[in-house]
Amino acid sequence: MKFLTTNFVKCAVKSCSASQDSFPLKYSECQLAKEESEYNPDFVCHMLERLDWDAIVKVAADLGNTSIPPQKPEGLDPIMEDDQAILRDLHSLLVETVILEGKMTCSSCGHIYHIKNSIPNFLLPPHLV
Amino acid sequence: MKDYLIYFAQAYPNFRRSEIESLAGLNGIKLDLSHHDESTPFLVVQLENDEQARKIMERSILGRGIYELWGDGNSLEEVHVNTKLRYGSEFDRYKQITFKFDFVGYMGSREKKNKFEVIESFAYLGFEGPIRMKNPDEVFVVLEQYEQPDREKSTTPLHIWFGRQVQLSARTENILDKYDLKKRKYIGTTSFDAELSLISCNIAQVNTGKVVYDPFAGTGSFLVAAANYGGYVVGSDIDHRSLRGKNEKCNIWANMKQYNSASQFLDVMTMDFTHNALRPDFQIDTIVCDPPYGVREGLKVCGVKDPTKAAHRENVVIDGEKAHLRRDFIHPKKPYELASLLDDLLSFAVQRLPVGGRLCFWMPTANDEFSTDFIPHHDSLDLLYNLDQEFNKWSRRLLVYSKRDHQSSHTSVEQAPAATVSKNISNFRARYFKGFSPSSK
Ligand SMILES: C[S@@+](CC[C@H](N)C(=O)[O-])C[C@H]1O[C@@H](n2cnc3c(N)ncnc32)[C@H](O)[C@@H]1O
């Protein structure tokens, strides 16, 4: 599971859908890895548009990284030389940082989801469907 | 506007028009294909310029190539007269370029010796540039339609077109070989045919930088096809084993790498589509999928059939931990109706797609009880295409919807069509498992 993906998923329980607390999930006991992958500045820019930056900061902190700037970088251009450094940093954070194993907890209902073999599992037990 | 000639492949003729129309639409090109005739692979269309012609052909799977049409007729003599009439004033522009001649024959062809004679007969074009077999500036092509399929092969063409090659298609450049399932690192019993998954993605208007979601991703056939067209792909499936694959060299990630698409891959997640974890404001541009219909892969959702039996299980504790919160907990599944799942899919698409965004999925239908009533419907979706693919004993169809410009809270769940869908599906399953009566073969 890419760090990026933590920004796109919330608790799957229906009664949590209205709750502010069901996103982002809280990440704990996570085993992280750095997986080198091809740098695609267009991809990073497109994703940046869709990111909820506050959630990025929050999840990064869960995972022990408290150095993420509080403001989302804006106006980056994939073809501008000056923007490459920050785009590469974002690539490394969003795409190359992966969670191999770990827990995701909903702050609204307390349900715990697992990340197994780098795939997050959002299946629900019978009493939550 | 000028005339261009499209030469199609002999595959899925009933899908051609939707593919080319969708590619034109994707590029903002107005194109009238109402005269398309499934029985012939040649189609004359009107376009502004080469640029437009390139755009509608380069990604195409069902087209082979597109040509600026210089002249045509039922005999070479007619072709020459027509060519001089229509393009006579243009010949000079090509005087100095390098070029070659090519032949395309449908249901027949010419002997090599005869080809030279044909080329000679075009001497009036006055091209002086050297002939170059490799990478010439221009390729001039003689396309010929011979006898109809049921006759014996003939050597005299019924109709001849002459034109300048503008663009060959992805198919002609061997894309089907590249995506051939037999060469793919990771496939499974649910993997979807490469040709049809690429066609689906063209009709779905997958494009560079668009987020494409497959909620029933399985082994990821639509994810690799969508990534081929520049899509940023994300998938989910209730079955974590198919998402995980066998090992590092044999899984969805390995496929993405094989096709050089790893940098467009978002992620896959284990998820019951009906309890979706993608946050509602995460915009999805396109949905392409092959929902489960119970033939090979049981359609299931999380839950238990009889909740009373499972009551209080949430209190079970193992090693001081709630059982259902443990990493190795096995989530019980129960059967679900395809009709309901398709309604869920349509509602989801309405919530997540932008206006004009496409939902494209395959569904089964039994051959001899076809009725258009069986097509799921939603007030906020326009049904653009309904395309049948016939097998021996059954058929399936590709349904393509586009999100409408108005919001509506109605879904077909409360409406009659859902019931008809349900009837069709259970009917289909029952019939599939029972086998077919001889009359339906
Ligand atoms: C026809 S297969 C699609 C296969 C896929 N196109 C591929 O390339 O392998 C249907 C898939 O839907 C999955 N499925 C069944 N019920 C589901 C549900 N409720 N939510 C998500 N996926 C489900 C099955 O596990 C199966 O992989």
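The rules behind these values
- Residues numbered from 1 in each chain as written.
- Chains lettered and ligands numbered in written order.
- Predicted model: local features only at pLDDT ≥ 70, side-chain atom pairs only at ≥ 80, totals over all residues.
- Heavy atoms only, no water.
- Buried < 20%, exposed > 50% of the residue type's maximum accessible area, 1.4 Å probe, protein only.
- Helix = DSSP H or I, 4+ residues; strand = E, 2+ residues; numbered from the N terminus.
- Polar contact = N/O pair within 3.5 Å; in protein donor to acceptor, adjacent residues only side chain to side chain.
- Phe/Tyr/Trp six-rings, centres within 6.5 Å; stacked < 30°, edge-to-face > 60°.
- Domains from an automatic or database assignment.
- Contact = heavy atoms within 4.5 Å.
- Buried area = accessible area lost by both parts, 1.4 Å probe.
- Salt bridge = Lys/Arg side-chain N within 4 Å of Asp/Glu carboxyl O.
- Nonpolar A, V, L, I, M, F, W, Y, C, P; charged D, E, K, R; others polar.
- Expected span 1.5 Å × (residues − 1).
- Axes fitted to C-alpha atoms, helices over the stretch in contact; angles between N-to-C directions.
- Parallel < 35°, antiparallel > 145°, perpendicular 65-115°, else oblique.
- Left-handed = near helix turned anticlockwise from the far one by under 90°.
- Near = heavy atom within 4 Å.
- Pairing = 2+ DSSP bridges.

A few words now on helix α6 (residues 194-203) of chain B. All names here are of chain B. Of all 10 residues in α6, 10 are buried, a share of seventy percent or more. Within the span of α6, buried status applies to Ala194, Glu195, Leu196, Ser197, Leu198, Ile199, Ser200, Cys201, Asn202 and Ile203. Where α6 begins, the side chain of Asp193 points an oxygen toward the backbone nitrogen of Glu195, at a separation of 3.4 Å. A positive phi of about 60° marks Gln205, the residue just after α6.

Here we come to the packing of aromatic side chains. What the rule picks out here adds up to 33 aromatic pairs over all chains. Each ring, one from Phe43 of chain A and one from Tyr232 of chain B, has its centre 4.7 Å from the other, and the planes form 80°; the classification is edge-to-face. Here Phe43 of chain A is found in helix α1 (residues 41-50), whereas its partner Tyr232 of chain B is found in strand β8 (residues 232-237) on a different chain. A single burial state applies to Phe43 of chain A and to Tyr232 of chain B, both of which are buried. Here Trp70 of chain B and Phe140 of chain B contribute two aromatic rings whose centre-to-centre distance is 5.2 Å and whose plane-to-plane angle is 70°, an arrangement assigned as edge-to-face. Here the residue Trp70 of chain B occupies a position in strand β3 (residues 63-73), and Phe140 of chain B occupies one in strand β5 (residues 138-145), the gap between them amounting to 70 residues. Its relative accessible area of 0% is what places Trp70 of chain B among the buried residues. The exposure class assigned to Phe140 of chain B is buried, which follows from its relative accessible area of 0%. Among the aromatic residues, ring-to-ring pairing joins Trp70, Tyr87, Phe91, Tyr94, Phe99, Phe101, Phe122, Tyr124, Phe127, Phe140 and Phe162 of chain B into one connected group.

To continue, consider the domain arrangement of chain B. All names here are of chain B. The domain architecture assigned to chain B consists of domain 1 (2-173) and domain 2 (178-434). Taken residue by residue, the interface counts 16 residues in domain 1 and 19 residues in domain 2. Of all residues in domain 1, Tyr12, Phe15 and Arg59 give up the largest surface area on contact with domain 2, accounting jointly for 42% of the area buried on that side. The tally of links between domain 1 and domain 2 comes to 1 salt bridge.

Moving on to the interface of chain A and chain B. On the chain B side, the residues contacting the 37 residues of chain A number 41 residues. At the boundary of chain A with chain B, total buried surface from both sides reaches about 3600 Å², with 60% on carbon and sulfur atoms. It is Arg50, Ile119 and Leu123 of chain A in chain A that bury the most area against chain B; as a group they hold 20% of the surface buried on that side. For the salt bridge of Arg50 of chain A with Asp285 of chain B, the shortest nitrogen-to-oxygen distance reads 3.0 Å. Taken together, the connections running from chain A to chain B amount to 20 residue pairs in polar contact (both at pLDDT 80 or more). For the side of chain A that touches chain B, the secondary structure elements donating two or more residues are α1, β2 (97-105), β3 (112-116) and β4 (119-121) of chain A. Looking at side-chain class alone, the side of chain A that touches chain B contains 18 nonpolar, 9 polar and 10 charged residues.

Residues and elements named next belong to chain B. When the terminal C-alpha atoms of helix α1 (residues 13-26) are compared, their 21 Å separation across 14 residues agrees well with the 20 Å that a helix rising 1.5 Å per residue should span. For α1, every residue scored as buried is listed here: Phe15, Arg16, Ser18, Glu19, Ile20, Ser22, Leu23 and Ala24. In the segment just after α1, Gly28 is the residue with positive phi, at about 65°.

All right, on to the packing of α6 of chain B against helix α7 (residues 221-228) of chain B then. Residues and elements named next belong to chain B. In contact at an axis separation of 9 Å, α6 and α7 are set at 55° when each is read in the N-to-C sense. It follows from the interaxial angle that α6 and α7 lie oblique. For the element pair α6 and α7, the recorded crossing hand is right-handed. In contact with Ser197, Leu198, Ser200 and Cys201 of α6, α7 contributes Ser221, Phe222, Ala225, Ala226 and Asn228.

Glancing now at the pattern of salt bridges. All names here are of chain B. Enumeration over the complete set of coordinates arrives at 23 salt bridges over all chains. Among the salt bridges present, the one from Asp50 reaches Arg164, with a minimum N-O distance of 2.9 Å. On the criterion of sequence distance, the pair formed by Asp50 in helix α2 (residues 50-57) and Arg164 in strand β6 (residues 159-168) is long-range, its members being 114 residues apart. The pair Asp50 / Arg164 is uniform in exposure class, with both members buried. A salt bridge links Asp239 to Arg241, with the shortest nitrogen-to-oxygen separation between them at 3.1 Å. On the basis of relative accessible area, Arg241 is assigned to the exposed category, the value being 54%. Three or more residues joined by partner-sharing salt bridges are found here, namely Lys2, Asp50, Glu68, Glu138 and Arg164.

Here we come to the packing of α1 of chain A against helix α3 (residues 84-94) of chain A. Residues and elements named next belong to chain A. α3 packs onto α1 with a crossing angle of 75° between their chain directions and a minimal axis gap of 10 Å. When the axis of α1 is compared with that of α3, the two are roughly perpendicular. Here Pro41, Val44, Cys45 and Leu48 of α1 come into contact with α3, specifically with Gln84, Leu87, Leu90 and His91. Broken down by class, the residue content of the contact of α1 with α3 amounts to 6 nonpolar, 2 polar and no charged.

In this section: the site of the ligand. Residues and elements named next belong to chain B. The environment of the ligand is made up of 24 residues, and the closest members are Thr190, Thr219, Ser221, Asp237 and Lys300. Separating an oxygen atom of the ligand from a side-chain N or O atom of Thr219 is a distance of 2.7 Å. Residue Asp237 places a side-chain N or O atom 2.6 Å away from an oxygen atom belonging to the ligand. Those elements that provide at least two residues to the shell around the ligand are α7 and β11 (300-302). Of the residues contributing to the shell around the ligand, the split by class is 11 nonpolar, 7 polar and 6 charged.

A few words on the sheet that holds strand β4 (residues 99-106) of chain B. All names here are of chain B. In space, the 6 strands of this open sheet follow the order β2-β1-β3-β6-β5-β4, with mixed pairing throughout. Edge positions in the sheet fall to β2 (42-47) and β4, since each has one partner strand and no second. Here the strands of the sheet are splayed against their neighbours by 35° on average, with no regard to which way each runs. In this structure, strand β1 (residues 2-8) lies alongside β3, joined through 5 bridges in antiparallel fashion. Counterpart to Ile6 in the pairing with β3 is Ile66. In the packing of helix α3 (residues 76-87) onto the sheet, contacts are made with β1, β3 and β6, and the angle to β3 comes to roughly 90°.

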